[in-house]
Structure formats: structure tokens, C-alpha cells
Amino acid sequence: MLNFAYGSNMLVRRLRERVPSAMPLGRAVLRGYELRWHKRGKDGSGKCDVWATDRAEAQVHGVLFELAATEKPRLDHAEGLGVGYDDQVIEVTCNGHILQAQVYVATPTHIDPSIQPFSWYRALVLAGAREHRLPPAYIQGIEAVAAIHDPDPERQAIHDALIRAAQPWLEADLP
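Residue positions are given per chain, counted from 1 along the sequence in the order it is written. Whole-chain, interface and lining totals are the exception, using all residues; otherwise, since this is a predicted model, local features are given only for residues with pLDDT of at least 70 and side-chain atom pairs are given and counted only at 80 or more. Note that water and hydrogens are dropped before the side-chain values are worked out from all heavy atoms of the structure.

Chemist: Summarise the overall build of the protein; cite the residues concerned and give the values.
Modeler: Counting from the N terminus, the helices are DSSP H or I runs at least four residues long and the strands are E runs at least two residues long. Helix and strand counts for the protein come out as five helices and seven strands. Going from the N terminus to the C terminus, the protein shows its helices and strands as β-α-β-β-β-β-α-β-β-α-α-α. The globule rule is 2.2 Å times the number of residues to the power 0.38, and the radius of gyration it is compared with is taken over C-alpha atoms. Since a compact globule built from 175 residues should have a radius of gyration of about 16 Å, the 15 Å found for the protein is in line with a globular shape. Considered along the principal axes of its C-alpha atoms, the protein spans approximately 40 × 40 × 35 Å. Under the scheme applied here, a residue whose accessible area is under 20% of the maximum for its type counts as buried, over 50% as exposed, and between as partly exposed, the area being computed with a 1.4 Å probe on protein chains only. Scored against the burial criterion, the 175 residues of the protein give a buried share of 48%. Relative to all contacts within the protein whose residues are 6 or more apart in sequence, the contacts with residues 24 or more apart total 74%. Across the protein, the centroid of the 19 positively charged side chains sits 2 Å from that of the 22 negatively charged ones. Residues count as neighbours in contact if any of their non-hydrogen atoms are within 4.5 Å of one another. Neither His nor the chain ends is counted toward charge; the positive residues are Lys and Arg and the negative residues Asp and Glu. The atom standing in for a charge is NZ when the residue is Lys, CZ when it is Arg, CG when it is Asp and CD when it is Glu.

This is the structure:
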């Protein structure tokens, strides 16, 4: 099955912790949507969401992955399907082709425009964007998102370790 990742799941290492079969197929674009950070996570902080808009120029950059259909329940559980996110089938453009892919979209009851992401979450999204060489202006937009410190030092340390594990590859491969 095809999955469009636009948040922390863009980082291959993170997604493979959840679904080992994940194979990136390339950068993809979801047109008619904006990236928002307003989905309230289980930890109370902001997580990414794709938000439908009428703006013709709106687009969300991300990564198209192929996943084993048998692993989808694991990803559904990690993403909080039914308790934070719903899944939808959308059209994305990847490598010049328009393809149908599954995407997670925040449920209305879990949207809160006043919340911010933890700094480690923004760093995971940023690491995935860099890993797949999303457009520089898009990456700058992610960097500009205001983030807050996670008051849970154990959760912070777990995510910092994941980010550090991705950094050697990212730093070696960045222009």
C-alpha cells in the first residue's frame, strides 16, 4: 500500500521503527492542502496535519512510502487512528505521476490552533524533510515553526537519540 508521510514519519528511521517494510518511493506533493501543527497529540503538544484549503497554490511536501498492507494496523495504532487521526485516500504527485495514497488527517475533535509542537517533534519533521531533500523554502518554513520544550525529560531523551541517530547521515549528505 502507498502512504503519504508529511510529519515525523518522513524520517525513514522513525517510520521503520513503526513499520519495518517502509520503502521510500520519492518526494511527493499534496496539492490543495496546507501543513498545520494543530493536531493535539497524546502528550498534549502539537502534531502535524494536512488541512484542505481553497488556495490554488497550497501544497504539502512529503514522502511517498510503500508499506506492507499487513503492517498498516501497527501504523494505525502509532498514529492514533480513530482517536486523533482518520485515514483518507488522496492524490499525490510523485516522480511525475499522480498516485492514490493513504494519509492521516486530524479528526476535528483533536484540532487546537493554540498548541505548539515540542522541539523534538519539530526536529524529527525537519530531519525527514532534509533526508528527502524537500525544497529549501519548505524546509525553512518548518524551521520557522515555534516550538516548546518538552517537560518530560525521558520522552525528550528518547526522541533526541532518534534524531542523533539520523544526524550523521543527514550532515554527511547535506549540501
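Chemist: Explain the nonpolar core to me, and be specific about the residues and the numbers.
Modeler: Here, nonpolar core means buried Ala, Val, Leu, Ile, Met, Phe, Trp, Tyr and Cys residues that are tied together by side-chain atoms lying within 4.5 Å of each other. Counting 46 residues, the largest nonpolar core has Phe4 and Tyr6 as its most contacted members. Per-element tally for this core: the top contributor is helix 3 (residues 119–131), with seven residues. Those residues within four positions of Tyr6 in sequence are excluded, and the remaining contacts are Leu35, Cys48, Asp49, Val50, Val60, His61, Gly62, Tyr85, Val103, Tyr104, Val105 and Val125.

Chemist: Please set out the pairing of strand 5 (residues 59–66) residue by residue, giving values where relevant.
Modeler: Across the eight residues that make up strand 5, a large majority, six, are buried. Two strands pair when backbone bridges link them, and strand 1 (residues 2–5) and strand 5 are joined in this way by four bridges, in the antiparallel orientation. Counted as the bridge partner of Asn3 is Phe65 from strand 5. Any two strands with at least two DSSP bridges between them are considered paired. Here strand 2 (residues 23–31) runs beside strand 5; their pairing, made up of eight bridges, is antiparallel.

Chemist: An account of the state of the cysteines is requested, with residue identities and associated values reported.
Modeler: Two cysteine sulfur atoms make up a disulfide if the distance between them is within 2.5 Å. A complete count under the given rule lists zero disulfides for this structure. Here Cys48 is not disulfide-linked; the sulfur of Cys94 is the nearest cysteine sulfur, at 19 Å. Using a relative accessible area of 0% as the deciding quantity, one classes Cys48 as buried.

Chemist: Could you give an account of the packing of aromatic side chains, with specific residues and numbers?
Modeler: Only rings of Phe, Tyr and Trp enter the pairing, Trp through its six-membered ring, and a pair is recorded when the two centres are within 6.5 Å. The plane angle decides the type: under 30 degrees is stacked, over 60 is edge-to-face, the rest tilted. Enumeration over the complete set of coordinates arrives at five aromatic pairs. Considering the side-chain rings of Trp120 and Tyr121, the 6.2 Å spacing of their centres and the 80° angle between planes classify their relative orientation as edge-to-face. Here the two residues Trp120 and Tyr121 agree in accessibility, since each one is buried. Through a chain of ring-to-ring contacts, the aromatic side chains of Trp37, Phe118, Trp120 and Tyr121 assemble into a single cluster.

Chemist: How would you explain the pattern of salt bridges if you had to name every residue and give the values?
Modeler: Definition used for salt bridges: Asp or Glu carboxyl oxygen within 4 Å of a side-chain nitrogen of Lys or Arg. Scanning the model with the defined rule gives ten salt bridges in all. Here Arg18 ties to Glu79 by a salt bridge, and the two come within 2.6 Å at their closest N and O atoms. Of this pair, Arg18 sits in helix 1 (residues 12–18) while Glu79 sits in helix 2 (residues 72–79); the two residues are 61 residues apart in sequence, bridging distant segments of the chain. The pair formed by Arg18 and Glu79 is uniform in burial state, with each residue classed as buried. Between Lys72 and Asp87 there is a salt bridge; the shortest N-O distance is 2.7 Å. With Lys72 in helix 2 and Asp87 in strand 6 (residues 85–94), this pair connects stretches of sequence that are 15 residues apart. The class for Asp87 is partly exposed, based on a relative accessible area of 33%. Members of the salt-bridge network, linked through shared partners, are Glu34, Arg36, Arg55 and Glu57.

Chemist: Hey, could you go over the side chain of Asp150 for me, with residue numbers and the actual values?
Modeler: Residue position: Asp150 is located in the loop between helix 4 (136–143) and helix 5 (153–173). Judged by relative accessible area, Asp150 falls into the buried class, the value being 1%. By the criterion applied in these results, polar contacts are pairs of N or O atoms within 3.5 Å in which, for protein atoms, one can donate a hydrogen and the other can accept it, and in which residues neighboring in sequence qualify only through two side-chain atoms. Here Trp120 takes part through its side chain, which lies 2.7 Å from a polar atom of the side chain of Asp150. Polar side-chain contacts of Asp150 include one of 2.9 Å to the backbone nitrogen of Asp152. For Asp150, the contacting residues outside a window of four places in its chain are Phe118, Trp120, Arg155 and Gln156.

From the geometry alone we can't say anything about function, so treat these as descriptive.
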